[in-house]
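# Examining the three-dimensional arrangement
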Amino acid sequence: MNFRGRDVISIRDFTKEEILYVLEIAEKMVPIAKGEKKSNLLNGYIMASLFFEPSTRTRLSFESAMKRLGGLVIGFAQPGTTSIKKGESLADTIRTAESYCDVIVMRHPHEGSARMAAEFAEVPVINGGDGAGHHPTQCLLDLFTIKKEKGHIEGNKVALLGDLKYGRTVHSLAYALALFGVEMVFIAPPELQMPKEVIEECREMGAKLEIKNDIEDISDVDVLYVTRIQKERFPDPEEYNKVAGSYRIDAKTLEKVKDDMIVMHPLPRVDEISPEVDKTRHAAYFRQTFNGVPVRMALLALVLGGIE
Amino acid sequence: MKELKVQPIKDGTVIDHITPGNALKVVKILGITEKQPDSIISIAMNVVGKRGKKDIVKIENRELDPKEVDKIALIAPNATINIIRNYEVAEKHRVSVPDEVVGIVKCPNPNCISNTREPIETKFIVKSRNPLKIKCYYCEREVEDISSQIM
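Residue positions are counted from 1 within each chain, in the order its sequence is given. Just so you know, chain letters begin at A and ligand numbers begin at 1, following the order they were written in. Residue-level local features of this predicted model are given only where pLDDT is at least 70; pairs of side-chain atoms are given and counted only at 80 or more, and the full residue set underlies all totals for whole chains, interfaces and linings. Side-chain measures here rest on the full set of heavy atoms in the structure, leaving out hydrogens and waters.

With that settled, consider the overall build of chain A. Looking only at helices and strands, chain A has nine helices and nine strands in total. Radius of gyration: C-alpha atoms only; globule rule: 2.2 Å multiplied by the number of residues to the exponent 0.38. In terms of overall size, chain A behaves like a compact globule, its C-alpha atoms giving a radius of gyration of 19 Å where 308 residues would be expected to give roughly 19 Å. Across its three principal axes, chain A shows a C-alpha extent of roughly 55 × 40 × 40 Å. In this scheme, a residue with accessible area under 20% of its type's maximum is buried, one over 50% is exposed, and one in between is partly exposed, where area comes from a 1.4 Å probe on protein chains only. Taking all 308 residues of chain A together, the buried fraction comes to 56%. Numbering goes from the N terminus for both helices and strands, where a helix is a DSSP run of H or I of at least four residues and a strand is a run of E of at least two.

What follows covers the domain arrangement of chain B. All names here are of chain B. Domain start and stop points were drawn from an automatic or database domain assignment. Domain boundaries assigned for chain B yield domain 1 (12-94) and domain 2 (100-149). Here domain 1 and domain 2 have C-alpha centroids that lie 24 Å from each other. We call two residues in contact whenever any of their non-hydrogen atoms come within 4.5 Å of each other. Between domain 1 and domain 2, the residue contacts involve seven residues of the former and seven residues of the latter. Just to be clear on terms, a salt bridge is a Lys or Arg side-chain nitrogen sitting within 4 Å of an Asp or Glu carboxyl oxygen. Here domain 1 and domain 2 share zero salt bridges between them. Within 3.5 Å is the distance limit for a polar contact, defined as a pair of N or O atoms, with the added protein rule that one can donate a hydrogen and the other accept it, and that residues adjacent in sequence qualify only through two side-chain atoms. Across the domain 1-domain 2 interface, the total number found is zero residue pairs in polar contact (both at pLDDT 80 or more). It is helix α3 (residues 66-75) that provides the largest number of residues to the side of domain 1 that touches domain 2, a total of six residues.

One finds A:Leu160 and A:Met184 to be the most contacted residues of the largest nonpolar core, which totals 67 residues. Tallying contributions element by element places helix α1 (residues 16-33) of chain A first for this core, with 10 residues. A:Met184 has contacts with A:Val158, A:Leu160, A:Ala174, A:Leu177, A:Ala178, A:Cys202, A:Ala207, A:Lys208, A:Leu209 and A:Glu210, leaving out every residue within four places of it along the chain. Counting residues in each nonpolar core, the second largest holds 59 residues, with A:Phe76, A:Ala118, B:Val105 and B:Ile150 among its members. Grouping buried Ala, Val, Leu, Ile, Met, Phe, Trp, Tyr and Cys residues that are joined through side-chain atoms within 4.5 Å yields what is termed a nonpolar core.

Here the focus is the domain arrangement of chain A. Residue and element names in this part refer to chain A. Structurally, chain A comprises domain 1 (11-135 + 291-303) and domain 2 (137-288). Contacts between the two partners involve 29 residues from domain 1, matched on the other side by 25 residues from domain 2. Accessible-area loss on putting two parts together, using a 1.4 Å probe and summing over both, is the definition of buried area adopted here. Both faces combined, the contact of domain 1 with domain 2 buries some 2400 Å², and carbon together with sulfur accounts for 61% of it. For the domain 1 face of the interface with domain 2, the top three residues by lost area are Ile11, His135 and Asn291, together amounting to 29%. Scanning the region where domain 1 abuts domain 2 turns up three salt bridges. A salt bridge links glutamate 201 to arginine 12, with the nearest nitrogen and oxygen atoms 2.8 Å apart. At the surface where domain 1 touches domain 2, the tally comes to 10 residue pairs in polar contact (both at pLDDT 80 or more).

Together, B:Leu24, B:Ile43 and B:Met45 give the surface a local cluster of nonpolar side chains, amounting to about 250 Å² of exposed area. In this fold, B:Ile43 is placed in strand β2 (residues 41-49). Surface patches are drawn from residues lacking salt bridges whose relative accessible area is over 30%; two like charges belong together within 9 Å, two nonpolar side chains (Val, Leu, Ile, Met, Phe, Trp, Tyr) within 5 Å. Only the protein chains shown count as cover for residues, and all accessible areas are computed by the Shrake-Rupley method using a 1.4 Å probe.

Counting from both sides, the interface comprises 14 residues of chain B and, opposite them, 18 residues of chain A. Interface of chain B and chain A: buried area, both sides summed, is about 1300 Å²; carbon and sulfur atoms make up 48% of it.

A cis amide bond links A:Leu267 with the next residue in sequence, A:Pro268, at an omega value of 5 degrees. By the element assignment, A:Pro268 lies in the loop between β9 (262-264) and α9 (285-303). The phi angle at A:Leu267 is positive, at roughly 60 degrees, despite the residue not being glycine. Examined against the element boundaries, A:Leu267 turns out to sit in the loop between β9 and α9. Positive phi is not limited to glycine here, since B:Asn86 has a value of about 50 degrees.

In this section: the packing of aromatic side chains. Residues and elements named next belong to chain A. Between 30 and 60 degrees the pair is tilted, below 30 it is stacked and above 60 it is edge-to-face, where a pair is any two Phe, Tyr or Trp rings, Trp via its six-membered ring, whose centres lie within 6.5 Å. Tallying each qualifying case throughout the model produces five aromatic pairs over all chains. Between phenylalanine 52 and phenylalanine 76, the aromatic rings sit 5.3 Å apart at their centres with planes inclined by 90 degrees, giving edge-to-face as the arrangement. Residue phenylalanine 52 is located in the loop between β1 (46-51) and α2 (57-68), and its partner phenylalanine 76 is located in strand β2 (residues 72-76); the two are separated by 24 residues in the primary sequence.

This brings us to the environment of A:Phe180. Residues and elements named next belong to chain A. Mapped onto the elements of the fold, phenylalanine 180 is located in the loop between α6 (168-179) and β6 (183-187). Classification of phenylalanine 180 as buried rests on a relative accessible area of 3%. With sequence-adjacent residues up to four places away left out, phenylalanine 180 is seen in contact with Lys16, Ile19, Leu20, Leu143, Ile153 and Glu154.

With that settled, the discussion passes to the sheet that holds strand β3 (residues 52-60) of chain B. All names here are of chain B. Read from one edge to the other, the open sheet built from five strands follows the order β2-β3-β1-β4-β5, with strand pairing classed as antiparallel. The open sheet is flanked by β2 and β5 (88-94), the only strands paired with a single partner. Across the sheet, the mean angle separating the axes of adjacent strands is 20 degrees when strand polarity is ignored. The criterion for strand pairing is that DSSP finds at least two bridges linking the strands in question. Judged from the five bridges that link them, strand β1 (residues 12-18) and β3 form a sheet pairing that is antiparallel. Counted as the bridge partner of isoleucine 18 is aspartate 55 from β3. Its contacts with the sheet place helix α1 (residues 23-30) against β1, β2 and β3, and it is angled at close to 150 degrees to β2. Lines fitted to C-alpha atoms define the axes here, with helix axes fitted over just the stretch in contact, and angles between the N-to-C directions of these axes take values from 0 to 180 degrees.

Dropping the structure here:
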């Protein structure tokens, strides 16, 4: 398997075998990500971190990943401090950045921006989120978390809950889980339910699906993946409060779940998971956040050729 | 009784086997009325042919070039293009939907990078030919009404 020089734009660019290989490398990266072991694997390499949109976890974990492997980081987190403010195009910004680095990690508000950047750049481009488009490294770290917490991806029943219509991460995740033949439950209010084409595609791939509007019965679920319901999707604030309230995960929700059921969330969360859940054995979201580092280390090492 | 059928043309292009109902769109997409205001254009719709109903467009004194043919293929995938010289069919070809559609269709997603001022042409990948389905190469949005998105 050769990843050297490859762009990482969408999870769809990976086969199941390639995904498993990335997760295997990520597992080996864990002690380095924790700071328990030192590494100089990417010594001499420079990563450009181009964030045209706000980010906490994606940007910090990519930078941490690069530095933990002995590499260097340049870039910006606020485009206002660059020539973009003077009207420079993304294409020119990419051509400039690539002459200063070995790999580009970017987040941009427009869908398709990472794919376009990859056309202009000779160096590999890793997509850290393109508008409502793709976020492949989030998807990989979600899969890594399920594998690490449950021991395997296949054989789990995964419930995806919240804003399934607009949520950037859940469409890619549903596709990836279908690739692994995972049984899924889509739980969302009717107006925020999973788009038809995603449902159809998952079914065509042979995934067993259930579509629900409430979280009454999640007693047979192994993984509960919660996403944020965004206020701006609702024209009526009353309606938002009603919907958001009925999808909130708290101690009561967890009364009748499996002992080893895990709750995941790509974060940031607002009100959808009560802080009282944080201390329960079910809360996996902070470990999930950490997992972003080893997974991104694996990708950086692979595309830069530090690991074949 | 007066002959009401569309007459043969001396020189020009006959677009045959257009999906019924799409003749006017073909004329619009080709922009013939604006580009060659002197061309005589005859349109026949819902003509019953051997393979069922079809539309026909005849354009006098104009031979279509390949890029224009590509544009037509998107809304009339079964159309045939006949180049007429001195009342004879000099060339005949079927339009074929290309694997990639570049610079012809605009992405319907307002937030797609191809709708910003980046130095790129729009690009769509043909997912299926029958029915015709195309997907933006950049944002992956599928185009529902292709004819309304032709540039």
